[in-house]
Amino acid sequence: AFRNCSKLSSVGLPDNLHIIADQAFSNCESLYSIDLPFNLKEIGEEAFTSCEKLLYIVIPERVTKIQYAAFHNCKHLEVSVNSYNRSFRMVDGILLDLEDRVVFVPEKLKSESFVVPNRVKVIGAYSFDESKTLQSVVLPEGLIEIERKGFSGCYYLASIVIPESVTNIGEEAFLWCNGLISIAIPPKVTVIRKRTFFSCYSLENVSIPDSVISIED
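We now turn to the structure provided with this report. (Residues numbered from 1 in each chain as written. Predicted model: local features only at pLDDT ≥ 70, side-chain atom pairs only at ≥ 80, totals over all residues. Heavy atoms only, no water.)

1. Observations concerning the overall build of the chain
Defined as follows: In this description a helix means any DSSP run of H or I spanning at least four residues, a strand means any run of E spanning at least two, and both kinds are numbered starting from the N terminus. Values of the radius of gyration come from C-alpha atoms, whereas the globule rule sets the reference at 2.2 Å times the count of residues to the power 0.38. Burial status follows relative accessibility: with a 1.4 Å probe on protein chains alone, a residue under 20% of its type maximum counts as buried, one over 50% as exposed, and anything between as partly exposed. Whether two residues are in contact is decided by their heavy atoms: any pair within 4.5 Å suffices.
Across its full length, the chain carries zero helices and 20 strands. Radius of gyration (C-alpha) of the chain: 18 Å, near the 17 Å computed for a compact globule of 217 residues. Reported as C-alpha extents along the three principal axes, the dimensions of the chain are approximately 55 × 35 × 30 Å. Of all 217 residues assigned to the chain, the portion counted as buried reaches 49%. When contacts within the chain are restricted to residue pairs at least 6 apart in sequence, long-range pairs at least 24 apart make up 24% of them.

If you want it as structure tokens, here you go:
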């Protein structure tokens, strides 16, 4: 609806709004202020992607769905959750859903070394995509999945150990991670998906377990 409205700086939304659709405000590079209404229930895919000046958003009480990459590349954004919302929570500054899936990581937390909280079960799509500072990540035991493009474009990421609990690594999860030198695929993974390690130019050693039955393009 408002995609690429580069001069849009603030928006007032009606109280009866239920859905902000996919890419509704994506690339609104001047948008710095928006209050999400009480009755909002869903925020679509890439709804606010690349709203680089957006500073603060409160997830309202009735929101139950936030689709992937909703706040991707919002470099200055801080998020909080209404205390009555039962679908999302903040843990160590990270937005998680009920399944302990990472929904959004503020840019200011993506320092050279990052420790993912122990309760996280899924690294959501685009969670760390295109981080220019990230060099090492500690993932928790108990992590189940790294979704599509979870760490893609982390050019300086050199150190990451994928826990043995991980059963699925999504497409392009480590695309263009030029700093990676070695990686061990966990023993519960059965498929190495498309472009998972595409253009990892420094990658020298890969350990692939017997559980893997398919290596995709």
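From this point, the discussion proceeds with the structure in view.
2. Description of the sheet that holds strand E14 (residues 145-146)
Note on sheets: strands pair through backbone hydrogen bonds, and any given pair is parallel or antiparallel. Formally: Any two strands between which DSSP finds at least two bridges are classified as paired.
Across the sheet, three strands lie side by side as E12-E14-E16; this open sheet has parallel pairing. What marks the edges here is a single partner per strand, and that holds for strand E12 (122-123) and strand E16 (168-169). Two strands pair when backbone bridges link them, and E12 and E14 are joined in this way by two bridges, in the parallel orientation. The partner of Val122 across the bridge, within E14, is Glu145.

3. Describing the nonpolar core
Note the threshold: Nine residue types can take part in a nonpolar core, namely buried Ala, Val, Leu, Ile, Met, Phe, Trp, Tyr and Cys, and a core is a set of them joined through side-chain atoms within 4.5 Å.
By size, the foremost hydrophobic cluster in this structure holds 33 residues, and its most contacted members are Ile123, Phe128, Leu139, Ile146, Phe151, Ile160 and Phe174. Look past the residues within four positions of Leu139 in its chain and what remains in contact with it is Val116, Ile123, Ile146, Phe151, Ile160, Val161, Ile162 and Pro163. Counting residues in hydrophobic clusters, the runner-up holds 29 residues, among them Cys28, Ile34, Ile57 and Ala70.

4. Some details on the packing of aromatic side chains
Put simply, the rule is: Note on aromatic pairs: the rings of Phe, Tyr and Trp (six-membered ring only in Trp) are paired at centre separations within 6.5 Å, and the planes decide the class, stacked below 30 degrees, edge-to-face beyond 60, tilted for the rest. Consider the ring centre and the ring normal. A charge sits over the ring if Lys NZ or Arg CZ is within 6 Å of that centre and within 35 degrees of that normal.
Applying the stated criterion across every chain yields a total of nine aromatic pairs. The interplanar angle of 5° and the centroid separation of 5.2 Å between the aromatic rings of Phe2 and Phe25 together place this pair among those described as stacked. Of this pair, Phe2 sits in the segment before strand E1 (10-12) while Phe25 sits in the loop between strand E2 (19-20) and strand E3 (33-35), placing them 23 residues apart in sequence. The exposure class of Phe25 is buried, given its relative accessible area of 3%. Between Phe174 and Phe197, the ring centres sit 5.5 Å apart and the planes meet at 5°, which makes this aromatic pair stacked. In this pair, Phe174 is assigned in the loop between E16 and strand E17 (182-184) and Phe197 in the loop between strand E18 (191-192) and strand E19 (205-207), connecting sequence segments 23 residues apart. We note that Phe174, like Phe197, is buried. An aromatic cluster of at least three residues, connected via ring pairs, comprises Phe2, Phe25, Phe48, Phe71 and Phe104. One Lys or Arg, Arg195, reaches over the ring of Phe198 and ends 4.3 Å from the middle of that ring.

Just geometry here; none of it tells us what the structure is for.
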